[in-house]
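Chain residues, written in single-letter form:
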Amino acid sequence: AILAQAYQPSPQVSSPPAQPAGIPIAAMGAIFSIFEEAMNNNPRLKKAKNRSIKLLSTAWWLGGHVTWTFCTGMIVLAMPVFFEYERECQLFEQMAQTQNAQMSAAAAMDAAAAGK
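Residues numbered from 1 in each chain as written. Predicted model: local features only at pLDDT ≥ 70, side-chain atom pairs only at ≥ 80, totals over all residues. Heavy atoms only, no water.

Asker: Explain the overall build of the chain to me, please; I cannot follow it from the model alone.
Answerer: Counting its regular elements, the chain contains 3 helices and 0 strands. Of the roughly 11100 Å² of accessible surface on the chain, 68% is carried by carbon and sulfur atoms. (Helix = DSSP H or I, 4+ residues; strand = E, 2+ residues; numbered from the N terminus. Areas by Shrake-Rupley, 256 points an atom, 1.4 Å probe, with all protein chains shown as cover.)

What follows is the structure, given as structure tokens:
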């Protein structure tokens, strides 16, 4: 019984604080709705909004297509060149190893012939 009395809410009902005189209603959270209402009521702002939306959507479309074209071009045109270059580098390394092996074999044979 004592615990139930301790956790009971107070009988005072708090009312929301009174709005200060100099602050308009928009500052209390309705700023976006007031802004949207102003945008829809002013024809010049509405036209500017529509043009901005059209410009952004066109820019997004164009940017996506340019990115896709660039990436596809790199895959189709540049990647085979990179692979061929890497294969040629490996070929030159292999030729250098073969040449070094032949040179050291010839030097070892000359040393063996001179030692007899």
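What follows picks up the thread again.
Asker: Just to check I follow, could you spell out helix α3 (residues 43-115) for this structure?
Answerer: The end-to-end C-alpha distance of α3, which contains 73 residues, comes to 104 Å, matching closely the 108 Å that a straight helix rising 1.5 Å per residue would cover. Considering bend angle alone, the principal kink of α3 is centred on Ala 78 and spans about 40°; proline Pro 80 follows within four residues of it. (Expected span 1.5 Å × (residues − 1). Bend = angle between axes of the 7 residues up to and from the residue.)

Asker: It is not clear to me how the pattern of salt bridges should be interpreted in this structure. Could you clarify?
Answerer: Pairs can form between side chains of opposite charge once their charged atoms are near each other. Throughout the structure, instances matching the rule amount to 1 salt bridge. A salt bridge links Arg 87 to Glu 84; the nearest nitrogen and oxygen atoms lie 2.9 Å apart. In this pair, Arg 87 and Glu 84 are both assigned in helix α3, 3 residues apart and thus about one turn of the helix distant. We classify Arg 87 as exposed; its relative accessible area is 54%. (Salt bridge = Lys/Arg side-chain N within 4 Å of Asp/Glu carboxyl O. Buried < 20%, exposed > 50% of the residue type's maximum accessible area, 1.4 Å probe, protein only.)

Asker: When you look at a nonpolar patch on the surface in this model, what are you seeing that I'm missing?
Answerer: Side chains of Phe 70, Met 74, Ile 75, Val 76, Leu 77, Met 79, Val 81, Phe 82 and Phe 83 sit close together on the surface and give an oily, nonpolar patch of about 960 Å² of accessible area. Residue position: Val 81 is located in helix α3. (Patch = residues over 30% accessible without salt bridge, like charges linked within 9 Å, V, L, I, M, F, W, Y side chains within 5 Å.)

Asker: What am I meant to see in the packing of helix α2 (residues 31-41) against α3 here?
Answerer: Between two packed helices, both the angle of their axes relative to each other and the distance between the axes serve to describe the pair. Following both chains from N to C, one finds α2 and α3 inclined at 100°, their axes separated by 5 Å at the closest point. Classified by the angle their axes make, α2 and α3 are roughly perpendicular. For the pair α2 and α3, contact is made by Ala 38, Met 39, Asn 40 and Asn 41 and by Pro 43, Leu 45, Lys 46 and Lys 49, respectively. (Axes fitted to C-alpha atoms, helices over the stretch in contact; angles between N-to-C directions. Parallel < 35°, antiparallel > 145°, perpendicular 65-115°, else oblique. Contact = heavy atoms within 4.5 Å.)

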